[in-house]
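Commentary on secondary and tertiary structure
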Amino acid sequence: MNALPDVADARVGAVMLQHPKTLPAEASIDEARETLANEHVHMVLLTEGAKLVGTLTRDDLPAPGATGPALSWSTLEGRTVSPGASASDVQRSMIDDGVRRVAVIGLDGALIGLMCLKRRQTGFCSDIDVLSRCS
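Residues numbered from 1 in each chain as written. Predicted model: local features only at pLDDT ≥ 70, side-chain atom pairs only at ≥ 80, totals over all residues. Heavy atoms only, no water.

Looking at the pairing of strand β6 (residues 111-116)
Of all six residues in β6, five are buried, a share of seventy percent or more. As judged from the five bridges shared by strand β5 (residues 101-105) and β6, these two strands associate in the antiparallel manner. Among the inter-strand pairings, Ala103 is bridged to a residue of β6, identified as Leu114. (Buried < 20%, exposed > 50% of the residue type's maximum accessible area, 1.4 Å probe, protein only. Helix = DSSP H or I, 4+ residues; strand = E, 2+ residues; numbered from the N terminus. Pairing = 2+ DSSP bridges.)

Shown next as structure tokens:
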């Protein structure tokens, strides 16, 4: 699939959500499950201060009834990109891997944003898109 013209030469930092929702690293499995109950949320970002320490998707969650910290079920592996990466390369990779969200982190591990692939896989969600669903 070819990248869209608006992301053909863009970097991740130019097309990412700049204000993704997060949960603290101490969040429980129940809190993560509640967050993922929103059909628009595909990934929970667990942070400790500014640092991203884990990500969770619905598939990561243990069976209903399990309790404890969500962090123990989370991973960062394969779920982060650099803000300087090519947006079209990341788009292609996300489509190939069947994922719609990847966290954007700096060299220090700080959460910078979220790449949010639209359902039709033709572009990325914006902060304005997300805000419009909250009202």
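Next comes the rest of the account.
Digging into the environment of Ser86
Inspection of the secondary structure assignment puts Ser86 in the loop between β4 (80-81) and α3 (87-97). Spatially, the C-alpha atom of Ser86 lies 6.0 Å from that of Val12, the residues being 74 residues apart in sequence. One polar contact links Ser86 to Ser88, side chain to side chain, over a distance of 3.1 Å. (Polar contact = N/O pair within 3.5 Å; in protein donor to acceptor, adjacent residues only side chain to side chain.)

As for α3
By the burial criterion, the buried members of α3 are Ala87, Ser88, Val90, Gln91 and Met94. Down the axis of α3, the smallest arc covering the buried residues is 160°, so these residues share one side. The outward face of α3, more than 90 degrees from its buried face, is lined by the exposed residues Asp96 and Asp97. Contact partners of the buried residues in α3: α1 (12-15), β4, β5 and β6. (Arc of directions from axis to C-beta. Contact = heavy atoms within 4.5 Å.)

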